[in-house]
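# Topology and contacts: notes
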Amino acid sequence: MDLLLHQSTPQNQSVKRRRVALACDACRTRKSKCDGSRPKCGMCKDLGFDCAYTPPVNATNVIVQKDYLKDLELRVKSLEDNLITVKSDLSGLTSHINRRSPNDPLKETEPQPRNEPSPPDFAGTEDTVDAMGAVAFADEEDCGFFGASSNIAFLRHLSRAVAHSESTQKGIISPATDHITHDGGFANATRPPSPSLGHMSEVLQERPSDMFTLPSSEETLTLIHRYFADTGLLFPYIHPPTFFDTYYQLKNNSKRVRRTWLGLLNIILAMAKLTSASGRSPAETCISESAVYYRRALDLCKGEILRGTTLEVVQYLLLMGQYLQGTQKSVQAWTIHGLAVKAALQLGLHSKDASKAFPPLEQETRKRTWFGCVVLDRTLGMTFGRPAAIPDCYVQLDLPAFQGSTEVIPTADHGEVRHSIQFFNNTIMLYKQMASIIDQIYGQNLGCGPPLPVGETVSRVLGIENQLFSWVMALPECLRQVTVEGMRDEIEQSQDQPQLFPLKFRVILTLRYLHIQILLHRPILVKFLDATRASGIEPGEDRLLNDIGYSSMKKCIESATGMIDIISELVSSSGWPRELLGAWWYSLYYTFNAALVIIGATWVHRTRQSGKGSASTYANIHIYPSRAVATLYKLDTGNRMVDRCRYYLEELIFALRLQPEDMPDQSNMGFPVMNTSTPNVSFPSFGIECGEFMLDDLFTHGSGFERW
């Protein structure tokens, strides 16, 4: 309350006390008279109190001193001057680069066209010369360990078996070592210094605002719907209604959109573009367009991914890891996945106790994101042959649950979303069996011991086979396994009213099951391959393998041929049946992996004629390597990764003389004639960028195995 008080002056004259507009906090609390002096009132100065002036919420006449305003003006002026200086320096640098002569050593490559930007490497931004300009970095070497479950480890066994065969000894270089201490090993590939100078020039020309650019609203919404109608149903860890709400806020010119959400949006757009590379548009066009969104997503969140402190960042990293599997830099998926797992553990996504603090919907989203990390960890660990980043004992959460009306999205109805959760849960349980296979059969991909004896291997295989059988029997009716004949019947019956789901769930789950069957029984095939070599295995082991190994070999062959039959049937179809397959790179991997197994089994049959039931086991097997090549011709056109794998198989078939004489003319089957020599297309070395598919420099001059 303001009072008019009188004070006595030396002249005994009565004057009015000055009115104070705002008392300090201490005087207001003590209800004392405040003289309003700043920065410290007289009362606080005398008593030694801290003096602060806090205006009330509804204050409309707050007094701001001129010195404070003057200080703010000086600070703004300083910032403006600095900004002008930075802009001037950048303009001068750009002009200097553009004027540089073609012979200048710092300008070795021209910038790439703006309409086809290449995705940036995850590595940092080192210059290719040192600070003194005196030392140029040499080509860098990528190397990686590929353990027992990888195709590279299997190919080593196959190459050793072939190299020791007298019928093919000519022109094939034997491996340096004959004794295999463990499955797997290192693969090496050289590459230019990173990053390339052309990429640096492109970065300099890129405007800072480009990372915030989005396509038209119509195209953006189309790609979002495509993602949630495909990948979003197969891996349902992003909640669609929440995502759409944020998007519509952005569309309505909201300024409160998180940078990490914008990065997640761009990687969703990239995934939608990449998964459409087969069938809708030319592969190279889709891949280059998806790379634009990937680069923007990386630029937006390259600082946040090292913090990993939000659920959004984990989802962003998880989806980026899936995206990188389908690029020509798939090895980077391993690095990104490691960041996702560490961020997930940091946030406690694995913990029931940590999730109790969140609302039910967010608890469910956290749980699904954690299982998304688990599924990707099992996939990458198996393909690269590396130990799991998430041990099975860390996976203790209950399976995801359908959330009812809160999961309704425009691209799917209640039934499809419910089937999506069932599909995801059964994938989780199937990949739990994959983890058991890696642990028990492949020595956890550690590469730290000799291979298991034949008897122990067969015993463990049979134990896990029983668990897989229980998994099959527990499948709901909507996810029962498919056969080629049954699939044909359902497609014919659905021609008038095609329904993509749940048939797509069944096809993909069947392919995953067949692939795990191959993974389970392939060690027995490896034993047979090793037995074809001199001093491969002990005589007693060989007799035991001959007595009990052929049933497992038959299971492996049946799974491989069944996988090729299903994929071949669908890629040969036109229209919506092609959409029953998952992303093209999974179909590529399954076909390539199955073909390698059949080639290995064919080689065993050629060099080892003894054994019970061998005739029925190998019936018609000779047609499948060529069928796999034909499938890859139809899977996609203009796709560099598909072409590399197809060419690899062609060279392998030709080198091992596996082309059947009674095969029909391929030119009448809708795809080119199989190459029997190096094709006209110039392929670079088989680097470990496709490490989950092949070994680097396997074929460098026509046919022949090298550098094993």
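If you're wondering where the values come from, they're calculated on a predicted model, not measured in any experiment.

## Side note on the overall build of the chain
Each helix and strand counted, the chain has 23 helices and four strands in total. The contacts in the chain between residues at least 6 apart in sequence include a share of 76% that link residues at least 24 apart. Total accessible area on the chain stands at roughly 34700 Å², and carbon and sulfur atoms take up 53% of it.

## Overview of the nonpolar core
Counting 162 residues, the largest nonpolar core has Ile-267, Tyr-316 and Val-507 as the members making the most contacts within it. With 18 residues, the single largest contributor to this core is helix 18 (residues 503-531). A domain-level breakdown of this core finds at least three residues from each of domain 2 (150-169 + 181-188 + 450-609 + 621-659) and domain 3 (213-449). Among all residues touching Ile-267, those that are not within four sequence positions of it are Tyr-294, Ala-297, Tyr-316, Leu-319, Met-320 and Tyr-323. Core analysis: the second largest hydrophobic core is formed by nine residues, Cys-24, Cys-27, Cys-44 and Tyr-53 among them.

## Re the environment of Gly-549
The topology assignment puts Gly-549 in helix 19 (residues 539-571). Gly-549 has contacts with Ile-524, Phe-528 and Leu-544, leaving out every residue within four places of it along the chain.

## Comments concerning the UniProt feature "transmembrane region" (unreviewed entry) in the chain
Mapped onto the present numbering, the UniProt feature "transmembrane region" (unreviewed entry) falls at residues 583-604. The straight-line gap between the two end C-alpha atoms of residues 583-604 is 32 Å; of that span, 95% is helix and 0% is strand.

## Concerning the environment of Leu-306
Tracing the chain through its elements places Leu-306 in the loop between helix 10 (283-301) and helix 11 (311-325). C-alpha separation for the pair Leu-306 and Ala-343, spaced 37 residues apart in sequence, amounts to 8.6 Å.

## As for helix 23 (residues 640-655)
Every α-helix winds through 3.6 residues per turn, so residues three or four apart in the chain are directed the same way. With 16 residues, helix 23 extends 22 Å between its outermost C-alpha atoms, agreeing within 8% with the 22 Å of an ideal straight helix rising 1.5 Å per residue. Extensive coverage of helix 23 is indicated by the burial of 13 of its 16 residues. Residue Asn-639 occupies the N-cap position of helix 23, its side-chain oxygen lying 3.1 Å from the main-chain nitrogen of Met-641. Arg-657 sits one or two positions beyond helix 23 and adopts a positive phi of about 55 degrees.

## Here we look at unusual backbone geometry
Between Arg-38 and the following residue, Pro-39, the backbone shows a cis peptide bond with an omega angle of 10 degrees. By the element assignment, Pro-39 lies in the loop between helix 1 (25-30) and helix 2 (42-47). The step from Phe-501 to Pro-502 runs through a cis peptide bond, and the omega angle for that step is 5 degrees. Relative to the helices and strands, Pro-502 resides in the loop between helix 17 (484-493) and helix 18. Phi is positive for Lys-31, which is not a glycine, with a value near 55 degrees.

## What about the packing of aromatic side chains?
Tallying each qualifying case throughout the model produces 17 aromatic pairs. A ring pair is formed by Phe-244 and Tyr-248, whose centres lie 6.3 Å apart and whose planes are at 25 degrees; its orientation type is stacked. You can see Phe-244 and its partner Tyr-248 sitting in helix 8 (residues 240-251), four residues apart, about one turn around the helix. Exposure remark for Phe-244: the relative accessible area of 6% places this residue in the buried category. Aromatic ring contacts, followed pair by pair, group Tyr-227, Phe-228, Phe-243, Phe-244, Tyr-247, Tyr-248 and Trp-261 into a single cluster. Taking the ring centre of Tyr-53 as reference, the NZ or CZ of Arg-38 above it sits at 4.1 Å. Here the basic side chain of Arg-627 rests over the ring of Tyr-624, its NZ or CZ set 4.9 Å away from the ring centre.

## Topic: the pattern of salt bridges
In the structure shown here, the tally under the stated rule is 21 salt bridges. A salt bridge links Glu-490 to Arg-506, with the nearest nitrogen and oxygen atoms 2.6 Å apart. Taken together, the residues span a long stretch of sequence, with Glu-490 in helix 17 and Arg-506 in helix 18 at a distance of 16 residues. Overall, the relative accessible area of 23% leaves Glu-490 in the partly exposed class. For Arg-506, a relative accessible area of 6% translates into the label buried. Residues joined by salt bridges that share partners form a network here, namely Asp-377, Arg-378, Asp-392 and Lys-432.

## Overview of a nonpolar patch on the surface
A grouping of Met-43, Leu-47 and Phe-49 is seen on the molecular surface, where their side chains present a nonpolar patch of about 230 Å² in accessible area. Here Phe-49 lies in the loop between helix 2 and helix 3 (66-99). Given the relative accessible area of 32%, Phe-49 is considered partly exposed.

## As for the side chain of Glu-364
With respect to the element layout, Glu-364 can be found in helix 14 (residues 360-384). Residue class for Glu-364 comes out buried when judged on its relative accessible area of 6%.

## Concerning the environment of Leu-311
Here Leu-311 is to be found in helix 11. Measuring from C-alpha to C-alpha, the distance between Leu-311 and Ala-343 comes to 8.5 Å, with 32 residues separating the pair along the chain. Other than its neighbours up to four places away in sequence, Leu-311 contacts Leu-347, Leu-349, Thr-365, Arg-366 and Thr-369.

## Here we look at the packing of helix 18 against helix 20 (residues 584-607)
One can describe the packing of helix 18 onto helix 20 by two numbers: an axis separation of 10 Å at closest approach and a directional angle of 30 degrees. By the angle between their directions, the pair helix 18 and helix 20 is classed as roughly parallel. Note that helix 18 runs across helix 20; the crossing there is left-handed. Contact residues: helix 18 offers Leu-511, Arg-512, His-515, Ile-518, Arg-522, Leu-525, Phe-528 and Leu-529, while helix 20 offers Tyr-589, Tyr-590, Asn-593, Ala-594, Val-597, Gly-600, Ala-601, Trp-603 and Val-604.

Parameters at a glance
- Residues numbered from 1 in each chain as written.
- Predicted model: local features only at pLDDT ≥ 70, side-chain atom pairs only at ≥ 80, totals over all residues.
- Heavy atoms only, no water.
- Helix = DSSP H or I, 4+ residues; strand = E, 2+ residues; numbered from the N terminus.
- Contact = heavy atoms within 4.5 Å.
- Areas by Shrake-Rupley, 256 points an atom, 1.4 Å probe, with all protein chains shown as cover.
- Core = buried A, V, L, I, M, F, W, Y, C linked by side-chain atoms within 4.5 Å.
- Buried < 20%, exposed > 50% of the residue type's maximum accessible area, 1.4 Å probe, protein only.
- Domains from an automatic or database assignment.
- UniProt positions renumbered as here; feature names shortened; annotations may be inferred.
- Expected span 1.5 Å × (residues − 1).
- Polar contact = N/O pair within 3.5 Å; in protein donor to acceptor, adjacent residues only side chain to side chain.
- Phe/Tyr/Trp six-rings, centres within 6.5 Å; stacked < 30°, edge-to-face > 60°.
- Lys NZ or Arg CZ within 6 Å of the ring centre and 35° of its normal.
- Salt bridge = Lys/Arg side-chain N within 4 Å of Asp/Glu carboxyl O.
- Patch = residues over 30% accessible without salt bridge, like charges linked within 9 Å, V, L, I, M, F, W, Y side chains within 5 Å.
- Axes fitted to C-alpha atoms, helices over the stretch in contact; angles between N-to-C directions.
- Parallel < 35°, antiparallel > 145°, perpendicular 65-115°, else oblique.
- Left-handed = near helix turned anticlockwise from the far one by under 90°.

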